[in-house]
Amino acid sequence: MKAIIIDDEKRARVSLQLLMEEYCPEVTLVAECENLPEGVKAIHKHKPDLVLLDIEMPGHSGLELLDFFNENEITFAIIFTTAYNEFAIQAFKLSALDYLLKPIIPEELINAIARLERQKAVQFKALAENIQSENFEKIAVPSGNCLILLEISDIIYIKGEGSYSEVFMKNNVKHLVSRNLKNFEELLSNDKQFLRTHKSYLVNFDEVTSYNKSDGGWLELQNNISVPVSSEKVNLIMERIRIVKR
């Protein structure tokens, strides 16, 4: 597993490196960066599995990291490291794998890395399940340490949240899945009922009840659900509506 440390304090980087070497030998540290721009360059260069990211840094906060990447480029997990616990809620809204307070306790670091290992194992298992058949009615998706089987026809829409996605089902259940929206789009590419309507939304077109052109464009779904439409997707949606009308 490849990892990058982004922290403006040299002492903190050295301390974390020593902890990794002693307690997490399965992790290879490929770069240390003292600010966010350097970290972004290192991520593009090394394609790490994990980024250990400080929050409070001059110039850019670590919470801004995902702003520098397209969703299909976010293939790494994030563990935030900071001395201030008031950032915890913001960190988890960005789908962080974990949040470690400085000084970092070795056991907490070990547990965070172990969670990442389990997560990746589940993702590989899910991939194997999904590629067994080209005409599948269910998809296997990783959620935490579990593998969930979802009926494709029961999915109303999927909302992308960085490296994670929220899958909204007909039974009013929502699943948080450690897979980005691009992965779902590719996985469901053979299923003509799903349409990417926005950079953050993949919609089951069978659930669409109307298209509203006001305020930039919205699709109205069953259960009074509304999802936005990107301007570049309008023609695609109109074509889909024409096909349905036929």
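Please refer to the structure higher up on the page.
As the structure is a computational prediction, the values presented were derived from the model and not from experiment.

1. Focus on the packing of aromatic side chains
Pairs of aromatic rings are described using the distance from one ring centre to the other and the angle between the two planes.
Logical step 1: Taken as a whole and assessed by the stated rule, the structure comprises 3 aromatic pairs.
Logical step 2: Taken together, a centroid distance of 5.4 Å and an interplanar angle of 70° make the contact between F69 and F76 edge-to-face. The same class applies to F69 as to F76, namely buried.
Logical step 3: Their ring planes at 10° and their centres at 4.4 Å tell us that Y157 and F168 sit as a pair that is stacked. With Y157 in strand 8 (residues 155-161) and F168 in strand 9 (residues 164-169), this residue pair connects regions lying 11 residues apart in the sequence. In this pair, the class of Y157 matches that of F168, namely buried.
Logical step 4: Three or more aromatic residues joined by ring pairs make a cluster, and in this case those are Y157, F168 and Y201.
Logical step 5: In this structure, R179 is placed above the aromatic ring of F184, and the distance from its NZ or CZ to the ring centre is 5.7 Å.

2. Remarks on the pattern of salt bridges
Logical step 1: Tallying each qualifying case throughout the model produces 8 salt bridges.
Logical step 2: The partner of K102 in a salt bridge is D7, and the shortest N-O contact between them spans 2.7 Å. Here the residue K102 occupies a position in the loop between strand 5 (98-101) and helix 4 (106-130), and D7 occupies one in the loop between strand 1 (2-6) and helix 1 (10-23), the gap between them amounting to 95 residues.
Logical step 3: For D7, a relative accessible area of 3% corresponds to the buried category.

3. Let's talk about helix 2 (residues 36-46)
Logical step 1: Three or more residues of helix 2 are buried, namely L36, G39, V40, A42 and I43. All buried residues of helix 2 project into a common sector of 165° when viewed along the axis, lining one side. Residues of helix 2 that are exposed and angled more than 90 degrees away from the buried face: K41 and K45.
Logical step 2: Turning to helix 2, the residues buried within the fold contact strand 1, strand 2 (28-33) and strand 3 (50-54).
Logical step 3: If you check the start of helix 2, you find a side-chain oxygen 2.9 Å away from the backbone N of E38, and it comes from N35.
Logical step 4: Downstream of helix 2 by one or two residues, K47 has phi in the positive range, about 50°.

4. Some words on the sheet that holds strand 10 (residues 174-177)
Logical step 1: Read from one edge of the open sheet, 5 strands run 10-9-8-12-11, paired in antiparallel fashion. Each having just a single partner strand, strand 10 and strand 11 (194-198) make up the two edges of the open sheet. Sheet twist, expressed as the average angle between the axes of neighbouring strands with direction ignored, equals 20°.
Logical step 2: Sheet analysis places strand 11 next to strand 12 (residues 201-204), joined by 4 bridges and oriented antiparallel. Directly across from L195, in strand 12, lies its bridge partner V203.

5. Brief notes about the pairing of strand 13 (residues 208-212)
Logical step 1: Note that strand 13 and strand 14 (residues 218-221) share 4 bridges and pair antiparallel. By the bridge assignment, N212 is partnered in strand 14 with W218.
Logical step 2: In sequence, strand 13 turns back onto strand 14 through a hairpin of 5 residues, with D215 there showing a positive phi of about 55°.

6. Some points on the environment of T28
Logical step 1: Tracing the sequence through the fold places T28 in strand 2.
Logical step 2: With 27 residues separating them along the chain, T28 and M1 place their C-alpha atoms 6.0 Å apart.

7. Quick notes on unusual backbone geometry
Logical step 1: Note that the residue after K102, namely P103, is joined by a cis bond; omega there is -10°.
Logical step 2: Tracing the backbone shows P103 in the loop between strand 5 and helix 4.
Logical step 3: Unlike most non-glycine residues, N172 shows phi in positive territory, near 70°.
Logical step 4: For N172, the position within the fold is in the loop between strand 9 and strand 10.
Logical step 5: Residue classification places N172 among the exposed residues on the basis of a relative accessible area of 70%.

Each value, and the rule that gives it
- Residues numbered from 1 in each chain as written.
- Predicted model: local features only at pLDDT ≥ 70, side-chain atom pairs only at ≥ 80, totals over all residues.
- Heavy atoms only, no water.
- Phe/Tyr/Trp six-rings, centres within 6.5 Å; stacked < 30°, edge-to-face > 60°.
- Buried < 20%, exposed > 50% of the residue type's maximum accessible area, 1.4 Å probe, protein only.
- Helix = DSSP H or I, 4+ residues; strand = E, 2+ residues; numbered from the N terminus.
- Lys NZ or Arg CZ within 6 Å of the ring centre and 35° of its normal.
- Salt bridge = Lys/Arg side-chain N within 4 Å of Asp/Glu carboxyl O.
- Arc of directions from axis to C-beta.
- Contact = heavy atoms within 4.5 Å.
- Polar contact = N/O pair within 3.5 Å; in protein donor to acceptor, adjacent residues only side chain to side chain.
- Pairing = 2+ DSSP bridges.
- Axes fitted to C-alpha atoms, helices over the stretch in contact; angles between N-to-C directions.

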